[in-house]
Amino acid sequence: MRLLMFGLVVLVMAGCDAIRTVYVEVVSETTVDSAGPLGGTFTELGFNQFASFDVSNSQTFQNNDANRDNIGDSYVTHFSLKVTDPDDQTLSFIEDMEVYIGDGNTRTRVAYLGDGQNTDVRELSLQVHDDREIGQYLRAEETVVDVEASGRPPEEDTTLEAVMGFSIQLQF
């Protein structure tokens, strides 16, 4: 009887696919031009590395011998924004911000500036929809991230760094 139970457990385990969760970060940088003498507003922040990327090209995927076909359920875990230059600038020039991820055809909002969230800081973590499954977008030929923001340009050209984190289940 024990041998039969052992054989059944081995058979069940052999039929299961292995699932491994990995964490990947994508970093992008942009410069927000100063207002100049006329002032004005802006509607996008232009993070070029987010414009289109393939998460399966990351070192984490290479270390796990994984590719895009191995991507299962996936979620955004964090999105942070930091002023890297000038030293005395804060993010107070940003009034609203939403981050979308998609495949060029469809998209979903994954992060946003919360109501009343203080932007008079040098580093800020956006609110994240960590329950929105985004595996279909990470499996796409190109993953597209749109950062829509509004506000008034800063007094000086300001360099920003954004970091977007993902929790990705790899299925083998």
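Criteria and cut-off values
Residues numbered from 1 in each chain as written. Predicted model: local features only at pLDDT ≥ 70, side-chain atom pairs only at ≥ 80, totals over all residues. Heavy atoms only, no water. Helix = DSSP H or I, 4+ residues; strand = E, 2+ residues; numbered from the N terminus. Contact = heavy atoms within 4.5 Å. Core = buried A, V, L, I, M, F, W, Y, C linked by side-chain atoms within 4.5 Å. Buried < 20%, exposed > 50% of the residue type's maximum accessible area, 1.4 Å probe, protein only. Pairing = 2+ DSSP bridges. Axes fitted to C-alpha atoms, helices over the stretch in contact; angles between N-to-C directions. pLDDT = per-residue confidence, 0-100. Phe/Tyr/Trp six-rings, centres within 6.5 Å; stacked < 30°, edge-to-face > 60°. Lys NZ or Arg CZ within 6 Å of the ring centre and 35° of its normal.

Following the sequence through the fold, Asp88 ends up in the loop between β3 (71-85) and β4 (94-102). Between the C-alpha atoms of Asp88 and Arg122, which are 34 residues apart in sequence, the distance is 8.4 Å. Look past the residues within four positions of Asp88 in its chain and what remains in contact with it is Arg122 and Glu156.

We now examine the nonpolar core. Among the nonpolar cores identified, the biggest contains 37 residues, and Phe79, Met97, Val99, Phe166 and Ile168 are the most heavily contacted of them. Those elements giving two or more residues to this core turn out to be β1 (19-32), β3, β4, β5 (107-112), α4 (135-139), β8 (144-151) and β9 (158-171). Residue contributions to this core peak at 6 residues, all from β9. The contact partners of Ile168, leaving out residues within four places of it in the chain, are Arg20, Thr21, Val22, Val24, Val55, Phe61, Ile71, Asp73, Ser74 and Leu138.

Strand order in the open sheet made by the 4 strands is β1-β9-β3-β6, with antiparallel pairing throughout. With partners counted over all chains shown, the strands left at the sheet margins are β1 and β6 (123-125), one partner each. Strand-to-strand twist in this sheet, taken as the mean axis angle between neighbours without regard to direction, amounts to 20 degrees.

One rule of thumb: low pLDDT means the predicted coordinates there are not for detailed reading. Chain-level statistics for the chain give a pLDDT mean of 85 and a share of 83% at 70 or above. Across residues 1-15 the pLDDT falls below 50, and counting only partners more than four positions away or on other chains, this stretch makes 0 contacts in the model.

Moving on to the side chain of Thr119. Tracing the sequence through the fold places Thr119 in the loop between β5 and β6. If sequence neighbours within four positions are ignored, Thr119 has contacts with Thr90, Leu91, Ser92, Ile94, Leu113 and Leu124.

We now examine the packing of aromatic side chains. All chains considered together, the criterion is met by 0 aromatic pairs. If you follow Arg107 out to its NZ or CZ, it ends over the ring of Tyr100, 3.8 Å from the centre. In this structure, Arg109 packs its charged tip against the face of Tyr112, placed 4.3 Å from the ring centre.

Next up on the list: the environment of Met164. Here Met164 shows up in strand β9. By relative accessible area, which is 0% here, Met164 ends up buried. Spatially, the C-alpha atoms of Met164 and His78 are 5.7 Å apart, while their sequence positions differ by 86 residues.

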